[in-house]
Amino acid sequence: MSDTCTHILRKPLTDSFEREIRSLRISITEKCNLRCRYCMPEDSYEHHSKDVITLEEIKLLVEVFHSFGINKIRLTGGEPTLRPDLTEIVRFISNYCPNIELNMTTNGVLLEKFGIDLLNAGLKRINISIDAIDPVEFQYITQRNQYQKMMNGILFALQLGFESIKLNVVAIKDFTERQIPKFIKFIEGTNLEVRFIELMPFSGNLNFQDKFLSKNEILQVIEQTHALTPIQKDNLSQTFTMYYVDGKVKIGFIPSVTDSFCKNCDRVRITADGNLRPCLHSSNEINLTNLLNPLDPELEGHIREALRKKWKEHPDFRIANYRPPLSDRAMILIGG
Ligand code: SF4
């Protein structure tokens, strides 16, 4: 298998703001073994679409979107490790085109069980969603008693030697401030990086306005006890800003609310029930699975049309009493 792939390439996908789409996020399940308060609808959640995209549909969509020049794919959910054919999906993508930058976002709870298979199937990069380095605080935010399994998963992934392991921390007011020193201590001496993600409003979850903690507020907390050195961005579409803490560990921020990166957005999403969602915060979607079986000769046209309808940027969530449309999907049904 050569390390480059020579598949037919079509004209890149662009939206009406001339933003070229290079990154695809595929949610491969709506199931999750945690109930994070900022992701799950507050009332009970047992929703599982019966029409979750099949392995064959995922393979076809990867081929189609790669032909548009997509070179980054992230597998998300729900929790991807709950999908029985996850290793086959990883193996297909990494064999189909080795120079696709493949990544997966997981909560780490089942990493000790599946880590080796995923690594051998070609997965090199993982982001682990973890909001607390404390069993009691972890149980509060996830509403599940899975702290030790998650921690074992992280330590096992470190041993396995994944090329990149990043810890994604959703920043929540009156909660994350207590976690910051614990995260800085936890990653010291490892190649782990922590990314603080500004909370975003989605229908049915936490009261965004009350719980919002900005990148600058976190920087102020850290600067009280540590020296911070900004790190230059690699490219325009890079959504995170990085810092060295005391010149020792690397932390980052995804400030999607206070410093939105929509201007250089290069991504689209496919939901677990097979819809193309050009923007995380817009309910403007088209169903793709209906266009795959049989393969609709106008598939490319439908996808380009959907991209032309992609809006310029997400609304300003900080305006007083901003509420996401209740009719829109909860975060669990969009994917990270
Ligand atoms: S909010 Fe939408 S337009 Fe903005 S960066 Fe995210 S996906 Fe792109």
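These notes cover the structure that comes with them. Every value quoted in this text rests on a predicted model; they were computed, and no experiment measured them.

### Remarks on the packing of aromatic side chains
Per the stated rule, a full pass over the model turns up 7 aromatic pairs. Sitting over the ring of Y140, R37 keeps its end group 4.1 Å from the ring centre. In this structure, R195 packs its charged tip against the face of F240, placed 3.9 Å from the ring centre.

### Some points on the sheet that holds strand β9 (residues 249-254)
Hydrogen bonds between backbone groups are what pair the strands of a sheet, and the pairing can be parallel or antiparallel. Pairing is mixed in the open sheet, where 12 strands are placed in the order β7-β8-β9-β6-β5-β4-β3-β2-β1-β10-β11-β12. Lying at the two open borders of the sheet, with one neighbouring strand each, are β7 (228-231) and β12 (286-287). Both strand β11 (residues 275-277) and β12 contribute to a ladder of 2 bridges, which runs antiparallel. Within the sheet, the bridge partner assigned to L276 lies in β12 and is I286. This element, helix α2 (residues 86-96), spans β2 (72-76) and β3 (101-106) of the sheet and lies at about 180° to β2. Along the sheet, helix α8 (residues 215-223) contacts β5 (164-171), β6 (193-198), β7, β8 (241-245) and β9; its crossing angle with β9, the most-contacted strand, is approximately 155°.

### Things to note about the state of the cysteines
As enumerated under the stated definition, the model contains 0 disulfides in all. With no disulfide of its own, C36 has C32 as its nearest cysteine by sulfur position, at a separation of 6.3 Å. Overall, C36 belongs to the buried group, its relative accessible area being 13%.

### So, the pattern of salt bridges
With the rule as written, the count across this model stands at 20 salt bridges. R10 is paired through a salt bridge with E300; the nearest N and O atoms lie 3.0 Å apart. Highlighted residues: R10 in the segment before β1 (23-27) and E300 in helix α9 (residues 299-308), separated in sequence by 290 residues. You can call E300 partly exposed: its relative accessible area is 26%. R329 serves as the salt-bridge partner of D273, at 3.1 Å between the closest nitrogen and oxygen.

### Some thoughts on the nonpolar core
Counting residues in each nonpolar core, the largest one holds 101 residues, and the members touching the most others are F65, I73, L75, I251 and I303. Not counting the four nearest positions on each side in its chain, L75 is found in contact with I26, I28, P80, L86, I89, V90, I93, L102, N103, M104 and T105.

### Section: the pairing of β9
With 5 of 6 residues buried, β9 is to be regarded as a mostly interior element. Here 4 bridges tie β6 to β9, and the two strands are oriented parallel to one another. Following the sheet pairing, I197 is matched in β9 by I254. Looking at chain direction, β8 and β9 are connected through 5 bridges and run antiparallel. Following the sheet pairing, M242 is matched in β9 by G252. Taken together, β8 and the strand that follows it, β9, pair antiparallel across an intervening segment of 3 residues, in which D246 is found at a positive phi of about 55°.

### Observations concerning α8
When we look at burial in α8, the residues that qualify are K215, I218, L219 and I222. Buried residues of α8, seen end-on, are gathered within an arc of 100° and therefore sit on one face of the element. Elements that come into contact with the buried residues of α8 comprise β5, α6 (176-187), β6, β7, β8 and β9.

Parameters and conventions
- Residues numbered from 1 in each chain as written.
- Predicted model: local features only at pLDDT ≥ 70, side-chain atom pairs only at ≥ 80, totals over all residues.
- Heavy atoms only, no water.
- Phe/Tyr/Trp six-rings, centres within 6.5 Å; stacked < 30°, edge-to-face > 60°.
- Lys NZ or Arg CZ within 6 Å of the ring centre and 35° of its normal.
- Pairing = 2+ DSSP bridges.
- Helix = DSSP H or I, 4+ residues; strand = E, 2+ residues; numbered from the N terminus.
- Contact = heavy atoms within 4.5 Å.
- Axes fitted to C-alpha atoms, helices over the stretch in contact; angles between N-to-C directions.
- Disulfide = S-S within 2.5 Å.
- Buried < 20%, exposed > 50% of the residue type's maximum accessible area, 1.4 Å probe, protein only.
- Salt bridge = Lys/Arg side-chain N within 4 Å of Asp/Glu carboxyl O.
- Core = buried A, V, L, I, M, F, W, Y, C linked by side-chain atoms within 4.5 Å.
- Arc of directions from axis to C-beta.

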